[in-house]
Amino acid sequence: MNFNSLLQDNTRPVIRFKKGKYFCRYRNANANIDRAPRFDSHEQAEEWRAEMIEKHGPIQSKGPAYQKLSFRKRKPEITLNSALRDFIEFWLKHVKDIPLTPSSTTIGAVKHMLKYDIARLPVRKIDYMSLKKYLQHRSISPGKPSPSTLRIDIAVLKRVISDSVAILKLEFDTSVFDQACILLNKNGFISQSNQKNRRLEEGEWERLIQGLKEVRKSEYLQRDYALLFKLLISTGLRCSELLSIKWSDIDFTASRFDVVILKQKCKFRGKVKTLPMLAETKSLLLALRPEIYSEEQTIYQIKPQTLQNVFTRAATQAGISGLSLHDLRTEAISRMLELGLPVPIVACFTGHRDHSTIIRIYTNLHAQKIITNINLISQINRSHAGLL
């Protein structure tokens, strides 16, 4: 979903999307105008709206009692006694002014809260019991979100209120959320995410590729998704980051490429970062590159969700359970650590700014592989020392 489509356009006249067209109705009783044209794009509708307002003035009602009054939406004063719904709508309206712009997933989760009773509750009255009731309703909703997902809901809710009270300059103690989270976690309503230590077990890669072949046969898939799976293991990137790379971002001569880091809890999220490229990654990209291509073309013209769906079907076909596409990133980082690469060097390949993430999460290493690689490195060092 487009980020801008999640935000409501409150400018009068309002532009609405109906039946594949952008609809904008301009009314002005003094000028005897009542028009409602449709446009192919939102930009065309905005241009027409600006032209009509500049030429004839603000939109006006057709009724005789309001012919000289402009329609202006009244902005109710938001206080701590206002309902959470008012805070959510205010936050969505000012979301572009927030220094760290939230993702579309976060915005979607915020809008989803409007469906629950907690949206009608005054912000001042939000406490452990109201959050508990909300989580109980969420846990039995379609999809049955896990406690780790519900923990994100509480974090998102806290952010909405924190950002809103900061903009409105209201005094609100957000520690009520911290205290409630302790009890919610203790009682099992929310929990930390599971450690990402799932790796490919012996024989699973061969089974996965065979399952992918069966899926390609049954669904007539023409693309070679196995190359992308190998690239994810070779680079250690996230699926969305890998698929956002364009051919112009890759410097094969210098063995490096530019990528947009999409998941960091700091101001660097969304920034372009130059990462080194292994020889294996270089050969895979060269094998993937078509004979005729555009420099501004991405390396693989599919959406991340499509690749995730193909991976899930291949794993199911192969009878592999508990393995997700993101686990290939875990596999990649674990292999780099097993090679004896220091954590800072591994972070250079994966784009991690917080090195503790690599240490804390990716801990399921194979001892035998570590010993083998260390012995190999020692032999190379001894041979080099003999040449000096």
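Numbering of residues starts from 1 in each chain and follows the order in which that chain's sequence is written. In keeping with the predicted nature of the model, local features appear solely for residues at pLDDT of at least 70, side-chain atom pairs appear and are counted solely at 80 or more, and the whole-chain, interface and lining totals rest on all residues. For the side-chain quantities, the full set of heavy atoms in the structure was used; hydrogens and water were omitted.

(A) Fine view of the overall build of the protein chain. Looking only at helices and strands, one finds 15 helices and eight strands in the protein chain. It only takes one pair of heavy atoms within 4.5 Å for two residues to be counted as in contact. Of the contacts made within the protein chain by residues no fewer than 6 positions apart, 63% connect residues no fewer than 24 positions apart. Per-residue and other accessible areas were derived by the Shrake-Rupley procedure at a 1.4 Å probe size, with only the shown protein chains allowed to occlude residues. Roughly 23300 Å² of accessible area belongs to the protein chain as shown, and the carbon and sulfur atoms make up 52% of that amount. The secondary structure listing takes helices from DSSP runs of H or I that are at least 4 residues long and strands from runs of E that are at least 2 residues long, numbered from the N terminus.

(B) Representation of a positive patch on the surface. Residues enter patches when they are more than 30% accessible in relative terms and free of salt bridges; like-charged ones are connected within 9 Å and nonpolar ones (Val, Leu, Ile, Met, Phe, Trp, Tyr) within 5 Å. We count a salt bridge whenever a side-chain nitrogen from Lys or Arg sits within 4 Å of a carboxyl oxygen from Asp or Glu. Within this scheme the basic residues Lys and Arg register as positive and the acidic residues Asp and Glu register as negative, but His and the chain ends are omitted. The atom standing in for a charge is NZ when the residue is Lys, CZ when it is Arg, CG when it is Asp and CD when it is Glu. On the surface, R12, R16, K18, K19 and R38 cluster together to form a positively charged patch. Within the element layout of this structure, R38 appears in strand β5 (residues 38-39).

(C) Here's a closer look at the sheet that holds strand β6 (residues 250-251). Only strands that DSSP links by at least two bridges are regarded as paired with each other. As summarised here, the arrangement of the three strands in space is β6-β7-β8, forming an open sheet in which the pairing is antiparallel. In the strand order of this sheet, the two ends are held by β6 and β8 (272-276), each with one partner. In this structure, strand β7 (residues 256-260) lies alongside β8, joined through five bridges in antiparallel fashion. From the neighbouring strand, F257 faces β8, where its bridge partner is L275.

(D) The side chain of D163, seen in detail. By the secondary structure assignment, D163 is in helix α5 (residues 147-168). Here a polar contact is recorded for every N or O atom pair within 3.5 Å, except that within protein the pair must consist of a potential hydrogen donor and a potential acceptor, and residues adjacent in sequence are included only if both atoms are side-chain atoms. Polar contacts involving the side chain of D163 include one to the side chain of W91, which spans 3.1 Å. Each residue touching D163, except ones within four places of it in the same chain, is listed here: W91 and I98.

Purely geometric numbers; function is a separate question.
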